[in-house]
Each structure stands twice: as structure tokens, then as C-alpha cells.
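Topology and contacts: notes
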Amino acid sequence: MFDSTRTTALAPDLGAALAGRRLAVVGAGTMGRAIAAGLHRAGALADAALTAVDHRRAGARALAHEIPGAGVRDLADACRDADVVLLCVKPKDVPEALAALRAADALAHAPLLVSICAGVTIAALEQGTGGAVPVVRAMPNTASQIGRGCTVVSRGALATDEHMAVATAIFSGVGRCLTLDERHLDAVTAVSASGPAFIYVVLEALTDGAVSCGLPRDAAMELVARMTQGAAEMVLATGRHPAALKDDVTTPGGCTIAGLMVLEDGRARSVLSRTIETTARVAAGLGR
Ligand SMILES: NC(=O)c1ccc[n+]([C@@H]2O[C@H](COP(=O)([O-])OP(=O)(O)OC[C@H]3O[C@@H](n4cnc5c(N)ncnc54)[C@H](OP(=O)(O)O)[C@@H]3O)[C@@H](O)[C@H]2O)c1
């Protein structure tokens with residue numbers, strides 16, 4: 001089994017952790033909507049108030065339409081009344097958003113700022129908010145939308161245990177939430193946040209192979225997705241090394257080892273490792 005000591009305990013009652021809190025989701029794009037939808041799906045917003053903010057009112061309205069009781073407001077008004085500001089804008093848009101909030105004095109009450117923005121450091125967020133706002137940096141992924149996300153949170157200098165409990169409750173509500181030191185977040189971005197895109201390419205390629213062998217595409221796609229899900233769950237449930245699990249599938253002289261030789265010829269192992277390495281390097285530069 002995997003060591004769970006690094007995992008922040010799941011809030012015993014997610015609804016209670018967020019009860020009475022006012023959340024402002026700043027940036028109602030892919031991730032803002034995914035997290036809001038996941039929290040709603042988990043029932044975590046029953047006693048919380050959610051407000052959506054976006055450059056494009058249509059995006060904020062669409063988010064609010066999906067979440068009963070959610071409102072739409074301007075950036076400063078929403079954040080001035082928020083206990084938690086969930087910053088979900090692109091990294092390049094962070095300085096402008098924080099500058100607007102400071103100019104409007106909308107963070108004077110020191111709400112918890114939870115940023116999911118890749119490459120934007122805690123130091124930059126603390127500086128951009130004037131140095132008196134508690135910050136938690138998080139890196140979730142799009143599977144938050146269906147409650148199957150995996151998120152890492154990192155604590156800023158002013159964030160208390162209670163702030164961490166709130167941030168952890170948010171992301172535990174949409175999947176699994178771990179706490180790690182911020183120095184790991186670029187690697188986490190490559191694996192957790194960008195990783196789904198890499199796996200979708202693998203799923204598509206395996207499906208194409210099956211179609212080429214004559215399987216109907218819908219059946220091929222479902223089989224590939226369920227096989228991938230099962231393989232991932234085997235790693236998590238058994239805690240065994242993937243190489244050992246691979247060996248279980250590999251009969252001497254059989255078809256699997258023949259297929260693995262083709263993967264090795266294509267240097268799939270090094271290509272995938274380097275994909276993560278390059279992604280992490282680019283992620284590190286996004287906030288600059
Ligand atoms: N997508 C992922 O899989 C993923 C995973 C993990 C983390 N993240 C992080 O999540 C953040 C958001 O990514 P995303 O894919 O959700 O981006 P997105 O779909 O472009 O959504 C961002 C939204 O924020 C709006 N916005 C920008 N500046 C704003 C401001 N000052 N006030 C209000 N709204 C503003 C944008 O409007 P305009 O387009 O009109 O500017 C856009 O609708 C990024 O920092 C990214 O690093 C993304």
C-alpha cells in the first residue's frame with residue numbers, strides 16, 4: 001500500500017468544513033467550472049455561498065447556472081465579501097487580477113487566497129496581494145469535475161492550520177488531496193495537471209490500434225479506457241511496482257512481450273519521462 005502519511009487527512013465532513021464560507025471563484029473557465037461543478041456534485045456547497053467572477057460574464061453566468069444558488073459579481077465586490085478566493089485565471093493574468101484587487105482594497109479583510117495558477121509562486125502571490133493575505137497554492141486537474149481529481153496543496157507563510165483545512169476540504173471534495181512543499185509543484189503540474197493530456201493521447205493511439213485490428217471504435221474506446229483505469233487502480237490498490245505488475249502480464253514467448261518490444265523500439269519510456277521533464281520546466285516559467 002502507498003504511504004499515506006504525506007496525505008492531509010480528508011476533512012471528516014466536507015460540508016461542515018465549508019459551511020458558512022463564502023467562496024469567490026475568479027476565472028470561470030475550464031478549471032473554475034470543473035472545481036465548482038465537482039464541489040456541487042459532492043454536496044459541499046450546500047451551506048456555502050459561491051460567487052463566480054469572469055472577464056466574460058457569459059462564462060460566470062454559465063458557472064452560476066450549473067450551481068444552484070451561485071451568484072455572479074464583479075471581481076472586487078465578490079472578493080471583498082469572500083472568505084475564500086479561488087484564483088483560476090491563466091498565469092499571465094494573475095498580476096492584473098491581483099493589482100485590481102489591491103487597487104479596490106478588496107483583500108483588506110485577508111481572505112484565504114487559493115491559487116491554482118501554474119508557475120505562479122507563493123512568494124509572487126504574497127507580494128501581489130500586499131503581504132498580509134494568507135495564501136495556499138494548489139495544483140488540481142480537470143478530473144475534479146467528476147470528483148476524480150488529484151491535487152497537491154502547498155502552504156504559504158501566513159496560512160494557518162485552519163486555512164489548510166479549508167483548502168484541503170475544497171480539493172478533497174473533488175478527488176484526492178495531498179500536501180507537499182512548494183518546491184515540488186512544477187513536477188506536480190506536469191504529472192497531475194498536464195498528465196491527463198498525455199494519457200488521452202495514449203488512449204487515442206491504443207484505440208486506433210484496436211480499430212486497425214477490426215474492433216468497432218466505441219467498443220475499442222471503452223475497453224482502452226477501462227483497461228487504463230483498472231491498471232491504474234491495480235497500482236494504487238496493491239502498491240506494487242508497475243514493472244512487477246507488467247511482469248505478471250508477460251508470459252514467456254507470448255504476445256505481450258512481443259508488443260513490449262515494439263514499445264521499447266519506439267523509446268516510449270524515455271519519451272514519456274522526458275515529456276514530464278519538459279512540461280515541468282515550462283511550467284516553472286509560466287508565472288514569470
Ligand atoms: N486547464 C487545466 O487542465 C489546468 C489544470 C490545473 C491548473 N490549471 C491552472 O488553472 C488556471 C486556469 O486555467 P483554465 O484552463 O481554467 O483557463 P481558462 O479556461 O482560460 O479560464 C480562465 C478564465 O479567467 C478569466 N479571467 C482572466 N483574467 C481575469 C480577471 N482579472 N478577472 C476575472 N476573470 C479573468 C478568463 O477570461 P478571458 O479568457 O476573457 O481573459 C477565462 O475565462 C491556469 O492558471 C492554469 O495554470 C489549469
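Residues numbered from 1 in each chain as written. Predicted model: local features only at pLDDT ≥ 70, side-chain atom pairs only at ≥ 80, totals over all residues. Heavy atoms only, no water.

**Some remarks on a nonpolar patch on the surface**
A cluster of nonpolar side chains, Ile199, Val202, Leu206, Met227 and Leu272, forms an exposed patch at the surface whose accessible area comes to about 410 Å². Top contributing element to the nonpolar patch by residue count: helix 9 (residues 195–212), with 3 residues. Mapped onto the elements of the fold, Met227 is located in helix 10 (residues 217–238). On the basis of relative accessibility, which here comes to 45%, the residue Met227 falls in the partly exposed class. (Patch = residues over 30% accessible without salt bridge, like charges linked within 9 Å, V, L, I, M, F, W, Y side chains within 5 Å. Areas by Shrake-Rupley, 256 points an atom, 1.4 Å probe, with all protein chains shown as cover. Salt bridge = Lys/Arg side-chain N within 4 Å of Asp/Glu carboxyl O. Helix = DSSP H or I, 4+ residues; strand = E, 2+ residues; numbered from the N terminus. Buried < 20%, exposed > 50% of the residue type's maximum accessible area, 1.4 Å probe, protein only.)

**Here's the deal with the side chain of Glu126**
For Glu126, the position within the fold is in helix 6 (residues 122–128). The buried charged residue Glu126 lacks any salt bridge partner; its closest oppositely charged side chain belongs to Arg155, at an N-O distance of 9.4 Å. When neighbours within four sequence positions are excluded, Glu126 is seen to be in contact with Gly131, Val135, Gly156, Ala157 and Leu158. (Lys, Arg positive; Asp, Glu negative; His and termini not counted. Contact = heavy atoms within 4.5 Å.)

**Comments concerning helix 8 (residues 185–193)**
The complete set of buried residues in helix 8 reads Leu185, Val188, Thr189, Ala190 and Ser192. Its buried side turned inward, helix 8 meets strand 6 (135–139), strand 7 (149–155), helix 9 and helix 13 (268–285).

**Looking at the pairing of strand 5 (residues 112–115)**
Of the two faces of strand 5, both are covered, the one formed by Leu112 and Val114 as well as the one formed by Leu113 and Ser115. Relative to strand 5, strand 4 (residues 84–87) runs parallel, the two being bridged by 4 bridges. Residue pairing across strands places Val84 opposite Leu112, the latter belonging to strand 5. Handedness of the crossover joining strand 4 and strand 5 through helix 5 (residues 94–103): right-handed. The sheet contact formed by strand 5 and strand 6 spans 3 bridges and is parallel. Looking at the pairing, Ser115 lines up with Arg137 of strand 6. Crossover handedness for the path strand 5 to helix 6 to strand 6: right-handed. (Pairing = 2+ DSSP bridges. Right-handed = clockwise from strand over helix to strand, strands pointing away.)

**Digging into unusual backbone geometry**
The backbone of Asp105 sits at a positive phi, close to 55 degrees, despite the residue not being glycine. Judged by its relative accessible area of 51%, Asp105 falls in the exposed class. At Ala110, a residue that is not glycine, the phi angle is positive and equals roughly 55 degrees. Mapped onto the fold, Ala110 is located in the loop between helix 5 and strand 5.

Everything listed is a geometric property; what it means functionally is a separate question.
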